[in-house]
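Spelled out from the first residue to the last, the chains are:
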Amino acid sequence: MSVSLYSVKYARTLLVIQLVTTVIIGALFALKDVHWGVSALAGGAAAWLPNVLFLFLAWRLQGQTPASGRVAWSFALGEIAKVFATIILLIVALGVFGAVFWPLGITWLSVLVVQMLAPAVINNKG
């Protein structure tokens, strides 16, 4: 995540913005077809849920004074878990549930773009 790990408020705001983006794009695709809308929601979930997992792993050390190097290892393991969770969610959505590729991919990429751009907007607000 691009947001500072020490700011829970900013991280929650980013997660809410990503979730709202997923729901809006899913609703727009649902206007075409319900299956497209569900596929878009699956794509958004494949980007959003690993971010939630990563933040839970990162927040577990926030109240402690961790040993030297423990934060780096926690961050690295969180990133690895995030990548594997994303891959697994995309495989399940496409392979098991038969999601439509285009809505899934567009929503997944949109949530990733929000992840990169939202911290700049959040930091400029306050």
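**Here's the deal with the packing of helix 1 (residues 8–32) against helix 2 (residues 34–59)**
What describes two packed helices is the angle between their axes and the distance between those same axes.
No. 1: Where helix 1 meets helix 2, the closest approach of the two axes is 6 Å, and the angle between their N-to-C directions is 170°. Between helix 1 and helix 2, the angle falls in the class roughly antiparallel.
No. 2: Residue composition of the contact of helix 1 with helix 2, grouped by class: 17 nonpolar, six polar and two charged.

**Considerations on helix 2**
No. 1: Here helix 2 spans 36 Å end to end across 26 residues, near enough to the 38 Å set by a 1.5 Å rise per residue.
No. 2: The largest bend in helix 2 amounts to roughly 30° and is located at Ala45.

**Let's talk about the packing of helix 2 against helix 3 (residues 70–96)**
No. 1: Where helix 2 meets helix 3, the axes come as close as 8 Å, and the angle between the chain directions of the two elements is 160°. Classified by the angle their axes make, helix 2 and helix 3 are roughly antiparallel. Read as a crossing pair, helix 2 and helix 3 show a hand that is right-handed. Seen from helix 2, the contacting residues are Ala42, Ala45, Ala46, Leu49, Pro50, Asn51, Leu53, Phe54 and Leu57; seen from helix 3, they are Ser74, Phe75, Gly78, Glu79, Ala81, Lys82, Ala85, Thr86, Leu89, Leu90 and Ala93.

**Side note on the nonpolar core**
No. 1: In terms of nonpolar packing, the biggest core is built from seven residues, these being Ala11, Leu15, Trp48, Val52, Phe54, Leu55 and Trp59.
No. 2: Where this core is concerned, the elements lending two or more residues are helix 1 and helix 2.
No. 3: Counting residues per element, this core draws most heavily on helix 2, at five residues.
No. 4: Ala46, Ala93, Ala99 and Leu104 belong to the second largest nonpolar core, which has five residues in total.

The rules behind these values
Numbering of residues starts from 1 in each chain and follows the order in which that chain's sequence is written. The predicted origin of the model limits local features to residues at a pLDDT of at least 70 and limits the giving and counting of side-chain atom pairs to 80 or more, whereas totals for whole chains, interfaces and linings rest on all residues. In computing side-chain properties, one takes all heavy atoms of the structure into account and sets aside hydrogens as well as water. Only the stretch in contact is used when a helix axis is fitted, and all axes are lines through C-alpha atoms; the angle between N-to-C directions ranges over 0 to 180 degrees. Helix and strand labels come from DSSP, where a helix needs a run of H or I of at least four residues and a strand needs a run of E of at least two; each type is numbered from the N terminus. Here roughly perpendicular refers to angles of 65 to 115 degrees, roughly parallel to angles under 35, roughly antiparallel to angles over 145, and oblique to all remaining angles. Note on residue categories: nonpolar means Ala, Val, Leu, Ile, Met, Phe, Trp, Tyr, Cys or Pro, charged means Asp, Glu, Lys or Arg, and polar means any other residue, Gly included. Expected span of a helix: the number of residues minus one, times 1.5 Å. Throughout, the bend at a residue refers to the angle made by two axes, fitted to the seven residues ending there and to the seven starting there. Crossing handedness follows the turn of the near helix against the far one: under a right angle anticlockwise gives a left-handed crossing, and clockwise gives a right-handed one. It only takes one pair of heavy atoms within 4.5 Å for two residues to be counted as in contact. Definition of nonpolar core: a set of buried residues of the types Ala, Val, Leu, Ile, Met, Phe, Trp, Tyr and Cys, connected through side-chain atoms within 4.5 Å. A 1.4 Å probe rolled over the protein chains alone gives each residue an accessible area, and that area as a share of the maximum for its type sets the label: buried under 20%, exposed over 50%, partly exposed in between.

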